[in-house]
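Working through the structure, step by step
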Amino acid sequence: MYIIMIGCGRLGSVLAEELSGLGHNVVVIDKNSLALDVLGERFNGITITGDALSLEVLEKAGIKNADVVCSLTGNDNLNIVVAQLVKKMFDVKKVILQIHDSSKEEIVQKGVKIINRSTLFVEEFKKCIL
Amino acid sequence: MYIIIVGIGNVGFFLANKLLKDKHKVTLIDKNPTVCSRIAQTSSMVILQGDGSKPAVLKEAKAEKANVVVALTQQDEDNLVISQIAKNIFGVSRTIAKVNNPQNVKVFSALGVDVPIDSTSILARIVEEEASFTDFINLLSIKKGRLSIVRVAVSEKSPVANKQIKDIVFPQDAVLVSILRGNDVVIPRGDTRVSSGDEIIGITSIEKEKELVELLVGKL
């Protein structure tokens, strides 16, 4: 599969390495070139330094051929906007975004998968505590 | 009208003042506590300190009663989310947002912002026009630049110099408004003769602007 990962933080970098190791085509975008340096030997995909909100950057990442886009930056608003953009303008099959603030879930259009980090952690902690 | 402005920069503050003078109700929202307290000390505006891209903050500002929400922050993603929350959660009928990166204009339209304002491009276009040629001046742009009122100086070399109005074929969607001759304003009729030194005021659609200028000034 052709997968575009937006945001190369702790989650994005590990996910990119794993998927790349499984033989998928992975492109990682981050606005900070230093963040992209953490990708280790297992990663043999492409890295792009740039703002994912820019159509130019998305096109350079091959958005037209992408099967999956994961929006995983630490910025909720950026994740929401980029995810909606790639769904609406490029009709990417699978769009997944990470979010912290559940009150913003409502504005995300249908067909975009939302993973709420806070809710997820709360559930895990609850399982451990109770 | 009730207007919410998110992001108090120079534009936000100036706009709020103007709207208040026109008897509109205005609430300002900004993340930065220092900016908020400074404005609170010097004016009697309604200010809310908080992240305007959070539904709870917009709710506190009574966004459901707002006629217009204006997003003027420095971040394009924030302006987009503010507009979407205003529209989709609070049913605000008109959203206006500042586009910080001119390349993002298309993104704003795609994501449902009613009026994206790309101030960088607007400014750049004005400077370009002023700098390029002096025979032609864009006086006013209406409808976000789709229609303009222009002033063109007629020189001896102009293709229309010494012609009567009835013999000049204007492009469609372009009309002659008046001719400035010295201190006089001449209302053009069919038999009015254009002469060098005249200044022509016309209205044109943006698509026909170049055609009109070529007709009046000659090939650029």
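Heads up: the structure comes first, above all this text.
All figures in this text were calculated on a predicted structure; none of them were measured in a lab.

Calculation criteria
- Residues numbered from 1 in each chain as written.
- Chains lettered and ligands numbered in written order.
- Predicted model: local features only at pLDDT ≥ 70, side-chain atom pairs only at ≥ 80, totals over all residues.
- Heavy atoms only, no water.
- Axes fitted to C-alpha atoms, helices over the stretch in contact; angles between N-to-C directions.
- Helix = DSSP H or I, 4+ residues; strand = E, 2+ residues; numbered from the N terminus.
- Parallel < 35°, antiparallel > 145°, perpendicular 65-115°, else oblique.
- Contact = heavy atoms within 4.5 Å.
- Nonpolar A, V, L, I, M, F, W, Y, C, P; charged D, E, K, R; others polar.
- Pairing = 2+ DSSP bridges.
- Buried < 20%, exposed > 50% of the residue type's maximum accessible area, 1.4 Å probe, protein only.
- Buried area = accessible area lost by both parts, 1.4 Å probe.
- Salt bridge = Lys/Arg side-chain N within 4 Å of Asp/Glu carboxyl O.
- Polar contact = N/O pair within 3.5 Å; in protein donor to acceptor, adjacent residues only side chain to side chain.
- Patch = residues over 30% accessible without salt bridge, like charges linked within 9 Å, V, L, I, M, F, W, Y side chains within 5 Å.
- Areas by Shrake-Rupley, 256 points an atom, 1.4 Å probe, with all protein chains shown as cover.

1. Looking at the packing of helix α4 (residues 76-90) of chain A against helix α4 (residues 76-88) of chain B
It is at 8 Å that the axes of α4 of chain A and α4 of chain B come closest, and there the two elements cross at 75 degrees. On the basis of their axis angle, the class for α4 of chain A and α4 of chain B is roughly perpendicular. Residue-level contacts link Asn77, Leu78, Ile80, Val81 and Gln84 of chain A of α4 of chain A to Glu77, Asp78, Leu80, Val81 and Gln84 of chain B of α4 of chain B. Looking at the contact of α4 of chain A with α4 of chain B residue by residue, the classes come out as 5 nonpolar, 3 polar and 2 charged.

2. So, the sheet that holds strand β8 (residues 147-153) of chain B
Residues and elements named next belong to chain B. If you trace the 5 strands from one edge of the open sheet to the other, you get β7-β8-β11-β9-β10, paired in antiparallel fashion. Across the chains shown, the open sheet's two edge strands, defined by having one partner strand only, are β7 (136-142) and β10 (184-186). Averaged over neighbouring strand pairs, the angle between their axes works out to 20 degrees when direction is ignored. Strand direction decides the pairing type here: β7 and β8, joined by 6 bridges, are antiparallel. Residue pairing for β8: Ile142 is matched across the bridge by Leu147.

3. Quick look at unusual backbone geometry
Residue and element names in this part refer to chain B. Although it is not a glycine, Lys62 adopts a positive phi angle of roughly 60 degrees. Note on Lys62: relative accessible area 41%, which makes it partly exposed. Of note, the phi angle at Asn162 is positive, near 70 degrees, even though the residue is not glycine. Inspection of the secondary structure puts Asn162 in the loop between β8 and β9 (174-181). The class of Asn162 is exposed, set by a relative accessible area of 52%.

4. Comments concerning the interface of chain A and chain B
Tallying the contact residues gives 18 residues for chain A and 18 residues for chain B. Of the roughly 1,600 Å² buried between chain A and chain B on both sides combined, carbon and sulfur atoms contribute 63%. By the criterion of area lost to chain B, the three top residues of chain A are Leu53, Asn77 and Ile107 of chain A, representing 32% of everything that side buries. Across the contact surface, chain A and chain B share 0 salt bridges. Linking chain A to chain B there are 6 residue pairs in polar contact (both at pLDDT 80 or more).

5. Re the environment of Ile129 of chain A
With respect to the helices, strands and loops of the structure, Ile129 of chain A is situated in helix α5 (residues 117-129). Between the C-alpha atoms of Ile129 of chain A and Leu55 of chain A, which are 74 residues apart in sequence, the distance is 45 Å.

6. A word on the pattern of salt bridges
Residues and elements named next belong to chain B. A full pass over the atoms with the stated rule returns 8 salt bridges over all chains. Close ionic contact of Glu199 with Arg151 constitutes a salt bridge, the shortest N to O distance being 3.5 Å. Of the two residues, Glu199 sits in strand β11 (residues 199-205) while Arg151 sits in strand β8, which places them 48 residues apart along the sequence. Lys210 is the salt-bridge partner of Glu214, the closest N and O atoms lying 3.6 Å from each other. Residue Glu214 and its partner Lys210 are located together in helix α7 (residues 209-217), separated by 4 residues, close to a single helical turn.

7. A closer look at a nonpolar patch on the surface
Residue and element names in this part refer to chain A. Where nonpolar side chains cluster on the molecular surface, the patch consists of Ile115, Leu120, Phe121, Phe125, Ile129 and Leu130 and spans about 700 Å² of accessible area. Broken down by element, the nonpolar patch gets its largest block of residues, 4 residues, from α5. Among the structural elements, Phe121 can be located in helix α5. Using a relative accessible area of 46% as the deciding quantity, one classes Phe121 as partly exposed.

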